[in-house]
Amino acid sequence: MAGLSQETSVSLLWVLCILVGLGASAGLVLRVRRRPKPSPPDSGGGQGPGSRIEGDVAGTAVQAGTVTGGIHVYAHGPSRPPPTETDAALSAAIPVGQALPRRLGIHAARRGTDDSDLPPYVPRDSDGLIRRRVRTSADHGGAVLVVGDSTAGKSRALLHALAETVPERRLVVPAADTDFTALADRLRSTAIDEEHERWVLWLDDLDRYLWHGAKGLTEATVQALAAARTLVAATIRSEYYDAYRAAPADGRGEAHGDGEEARLLRRIDVVELGRVWSPGEVRRTAESPDRRLREAAAHHGVHGVAEYLAAGPDLLAEWRRARRHVQRGGHPRGHAVVTAAVDLTRTGLGSPLTRELIEQAHSAYLADAAALGPETFEEAWDWARELRLGTTGLLVPADHGGKEGWRPFDYLIEAADTPIPAATWQAALDHATDAEARLRVVLSADRLGEREFAHAECETLALTGHARAMTIMGRWERRAQRFRKAEEWFRQAVSAGNATAVRDLGHALSMRGRVGEAEELLRSAAEHGDFRAMNALASLLSEQRRPEEALHWYRRSALSGDRSAVEQYGRMLTDQGRPELAERWYREAVERGHFSAMASLGTLLQAQGRSDEAEEWIRTAIDDGRHDAALQIGLFFMERQRPAEAVPWLRRAAADLGAGIGVEHLAAALVHEGRDEEAAAWIREFGSDYDATMVGLILTAGRWDDEARRWEQAAGELLEPGSDKDA
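Since the model is a prediction, treat every value here as computed from it, not as a measurement.

A.B. asks: Explain the pairing of strand β7 (residues 199-203) here, please?
C.D. replies: It is a general feature of regular strands that their side chains alternate between the two faces of the sheet. Across the 5 residues of β7, 5 count as buried, placing the element largely inside the fold. Alignment of strand β6 (residues 170-172) against β7, held across 3 bridges, turns out to be parallel. Across the sheet, the residue bridging to L171 is V200, located in β7. For β7 and strand β8 (residues 231-237), the ladder comprises 4 bridges, and the chain directions are parallel. The residue of β8 that forms the bridge with L203 is A234.

In structure tokens:
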């Protein structure tokens, strides 16, 4: 090197080699400025003596020759992929105890004297049950789901239980379209035994996270989250929960969707929170030092306390009154704007609404409003967003991927029951960002009775190769009793990789008498770990009177977390005369968090004559929110000829379970107690002629012959006001 001794040149060369060698592992890039050899005059190289060549050298570099000029070593960090939604959600996680309720979707109340937008928390009757569910799910991994009407206080009750039980855990609030498979993998890789380094997944309005296909919240992702010992804390409105639960989980009934959501919800023990507060809850509200709470206790009327505080009834009334002439204080275009937003949400669009979409859709609601003198859109838009009673607007802000988005106050959605215009359905489809979003709209259309529209759009999706759409088409064809066409769709769905269609195809084959083919199909899927196929195979084997094989698959399905299989396995053991094994199984199931097994254990103990233990388990099940256990304990008392004790439990079962379940037993108990008119009232309200006949049979079976004769003689007259209800 010019101007340097040979020793110095050699030393620098060694330094250079060392730096470059280190740089290969540290992300260093060497940029060398070297002087090239002069090109011969006739070479055409175009580089004169002063030219330089610059380049990046990554990895090990060997310099052969001399180096002149500066040597620059740059440290470039390792290449990183751009942050994902999962990264954003995890980076924003905070300890549960520091979470702000309003940031988590909890409705505001009008401001108090301390300028707070939420009054102090009032203890709810269900708090103890929610805390127990949280503790169990936190210890073992699992989900807690609180169900109730809009403004029942679901979110706040759940957050309160989390703050009291797991305050140090990190709270993650994912976006509605989060890839839950990727999120579960991340949480599993970062799960640590320290409590403050474990996770809570907050899913307020759970329905927003369903219907997203394989990347949405599914049974598989909930299992993966449980494996990561992640606690899933979720809420859902009653109307959505009931709609999902109505879908079949065994592939044998007809679903509005493909039954995935029904199966998922059946795996989660829920806590139901009433919209109307109990006397004890109202009393605690009235005793609060907060003036807002005392006023709510005094003036809530037929509404719930949380409902009154959130101003839900007032907002609903204002929306409905707005469709009148502007000179009479109306806001006809504002009414159309809010109605369009409500209906667009009812179509199943999972993402917040943009102003442009609402503006486009609202014109469908102004067809006959010209005589009302509609205001300008700007005036309507401002009116819809205006803050009412210091709590909320008819439209409320919602994050839309970093952009401005809107959604209607959810109390309005729950109250809406009018048909959705065809133009709104089409606007929702046009706005859907991908096939899964379009499928959500299609399934909502079917649920709301727009079956012709839903069928046409679903078939379009299926013909593009969408596997879930194929499965849904198969179920709809089966609903229409076009079984051959249904089988064709199921086969296409299986070929396209939809695992849930395997069970549907197996059932379709067995119903057409091709039992061997069905068994082969289901067994293949079950042996590859599909617990839904395990359950279906067990059911098929049981029907074929192959109990030992059925038991094997029910057990495997139950151990994978399928709650229905837990019940089936225990029931089969009992039917086979193996009550000791059944008892042990139920007890282990309760320890694993299958709370539904408590009622089954109580019934088993009752059959063995262990009455005190049985009653204790059934009462524990009821206290833990298992309303079907009320029916079991009511029947338990009836079998022991203690009708007076059966009445309150059977009444609770008939009211809580809906559809008058067990009403014939309740009526029989009431007749035994001499309350014939009350018995007839229950039959008129919830029962049928068949139930009226069953009352007499139940009384006869209980050897209450006098009561049976009295009922037979008086029933016709007592039931006369509703005798034509089933005609």
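A.B. asks: What's the story with the sheet that holds β8 in this structure? I'm lost.
C.D. replies: Hydrogen bonds between backbone atoms are what pair the strands of a sheet, whose relative direction is either parallel or antiparallel. Strand order in the open sheet made by the 6 strands is β4-β6-β7-β8-β5-β9, with mixed pairing throughout. Across the chains shown, the open sheet's two edge strands, defined by having one partner strand only, are β4 (94-95) and β9 (270-272). Of the strand pairs in this sheet, strand β5 (residues 142-148) and β9 are connected by 3 bridges, and their pairing is parallel. Of the residues in β9, the one forming a bridge with L145 is V270. Along the sheet face, helix α4 (residues 154-165) touches β5, β7 and β8 and points at about 165° away from the line of β8.

A.B. asks: Help me understand the environment of M534, please; the structure alone is not making it clear to me.
C.D. replies: Along the chain, the position of M534 falls in helix α24 (residues 531-543). Of the residues examined, M534 reaches a relative accessible area of 4% and is grouped as buried. When the C-alpha atoms of M534 and S560 are compared, they prove to be 9.9 Å apart, with 26 residues separating the residues in sequence. When residues no more than four places from it in sequence are discounted, the contact partners of M534 are A526, G529, W553, R556 and S557.

A.B. asks: Even after reading the chapter, I still don't get the environment of A416, so can you show me in this structure?
C.D. replies: As for its placement among the helices and strands, A416 is situated in the loop between α16 (410-415) and α17 (422-431). Among the residues examined, A416 registers a relative accessible area of 17% and is labelled buried. Put simply, A416 and T339 are 77 residues apart on the chain and 8.8 Å apart in space, counted from C-alpha to C-alpha. In this view, A416 contacts V342 and R346; residues no more than four positions away in its chain are not counted.

A.B. asks: What exactly am I supposed to notice about the nonpolar core here?
C.D. replies: Inside soluble globular proteins, nonpolar side chains tend to come together where they are buried. One finds M638, V695, L699 and W711 to be the most contacted residues of the largest nonpolar core, which totals 76 residues. Broken down by element, this core gets its largest block of residues, 8 residues, from α24. Of all hydrophobic cores here, the second largest spans 56 residues; its members include L315, L366, A369 and F453.

A.B. asks: Sorry if this is basic, but what is going on with helix α18 (residues 435-447) here?
C.D. replies: In an α-helix there are 3.6 residues to a turn, and that puts residues three or four apart on one side. In this model α18 runs 18 Å from its N-terminal to its C-terminal C-alpha over 13 residues, within 8% of the 18 Å that 1.5 Å per residue would give. For α18, the buried fraction is high: 10 of the 13 residues fall into the buried class. All buried positions along α18 are accounted for by E436, A437, L439, R440, V441, V442, L443, S444, A445 and D446. On its buried side, α18 packs onto α13 (332-346), α17, α19 (451-463) and α20 (467-479).

A.B. asks: Got a minute to help me understand the packing of α18 against α19 in this structure?
C.D. replies: Axis angle and axis distance: for two packed helices, these are the angle between their axes and the distance between the axes, and together they describe the pair. Where α18 contacts α19, the axes come no closer than 8 Å and their chain directions differ by 155°. If you check the angle between α18 and α19, you find them roughly antiparallel. Regarding α18 and α19, the two cross each other, and that crossing is left-handed. Between α18 and α19, the residues in contact are A435, R438, L439, V442, A445 and D446 and R451, F453, A454, E457, C458 and L461, respectively. By residue class, the composition of the contact of α18 with α19 is 8 nonpolar, no polar and 4 charged.

A.B. asks: Got a minute to help me understand α4 in this structure?
C.D. replies: Between its first and last C-alpha, α4 extends 17 Å over 12 residues, near the 16 Å set by a 1.5 Å rise per residue. Those residues of α4 lying buried are K154, S155, A157, L158, L159, A161, L162 and T165. Those residues of α4 that are buried lie in contact with α3 (127-140), β5, β7 and β8.

A.B. asks: Where do I start with the pattern of salt bridges in this structure?
C.D. replies: Side-chain pairs of opposite charge can arise where the charged atoms are in close proximity. In the structure shown here, the tally under the stated rule is 39 salt bridges. Close ionic contact of D343 with R346 constitutes a salt bridge, the shortest N to O distance being 2.8 Å. Here the residue D343 and the residue R346 both occupy positions in helix α13, the gap between them amounting to 3 residues, near one helical turn. A salt bridge links R491 to E517; the nearest nitrogen and oxygen atoms lie 2.8 Å apart. One end of the pair, R491, is in helix α21 (residues 483-495); the other, E517, is in helix α23 (residues 515-527), and 26 residues separate them in sequence. Among the residues examined, R491 registers a relative accessible area of 33% and is labelled partly exposed.

A.B. asks: What should I look at first to understand the packing of helix α27 (residues 579-591) against helix α28 (residues 597-607) in this one?
C.D. replies: Where α27 meets α28, the closest approach of the two axes is 9 Å, and the angle between their N-to-C directions is 155°. As far as their axial angle goes, α28 and α27 are roughly antiparallel. Once α27 is placed against α28, the crossing between them reads as left-handed. In contact with P579, A582, E583, Y586, R587, A589 and V590 of α27, α28 contributes A597, M598, S600, L601, L604 and L605. For the contact of α27 with α28, the class distribution of residues is 10 nonpolar, 1 polar and 2 charged.

A.B. asks: Which parts of the structure should I look at to understand the confidence of the model for the protein chain?
C.D. replies: As a note on interpretation, predicted positions should not be read in detail where pLDDT is low. Taken over all residues, the pLDDT of the protein chain has a mean of 78, while the share at 70 or more is 80%. Considering only residues more than four positions removed or in separate chains, one finds that residues 248-257, a stretch of pLDDT under 50, has 35 contacts.

Conventions used here
Residues numbered from 1 in each chain as written. Predicted model: local features only at pLDDT ≥ 70, side-chain atom pairs only at ≥ 80, totals over all residues. Heavy atoms only, no water. Buried < 20%, exposed > 50% of the residue type's maximum accessible area, 1.4 Å probe, protein only. Helix = DSSP H or I, 4+ residues; strand = E, 2+ residues; numbered from the N terminus. Pairing = 2+ DSSP bridges. Contact = heavy atoms within 4.5 Å. Axes fitted to C-alpha atoms, helices over the stretch in contact; angles between N-to-C directions. Core = buried A, V, L, I, M, F, W, Y, C linked by side-chain atoms within 4.5 Å. Expected span 1.5 Å × (residues − 1). Parallel < 35°, antiparallel > 145°, perpendicular 65-115°, else oblique. Left-handed = near helix turned anticlockwise from the far one by under 90°. Nonpolar A, V, L, I, M, F, W, Y, C, P; charged D, E, K, R; others polar. Salt bridge = Lys/Arg side-chain N within 4 Å of Asp/Glu carboxyl O. pLDDT = per-residue confidence, 0-100.

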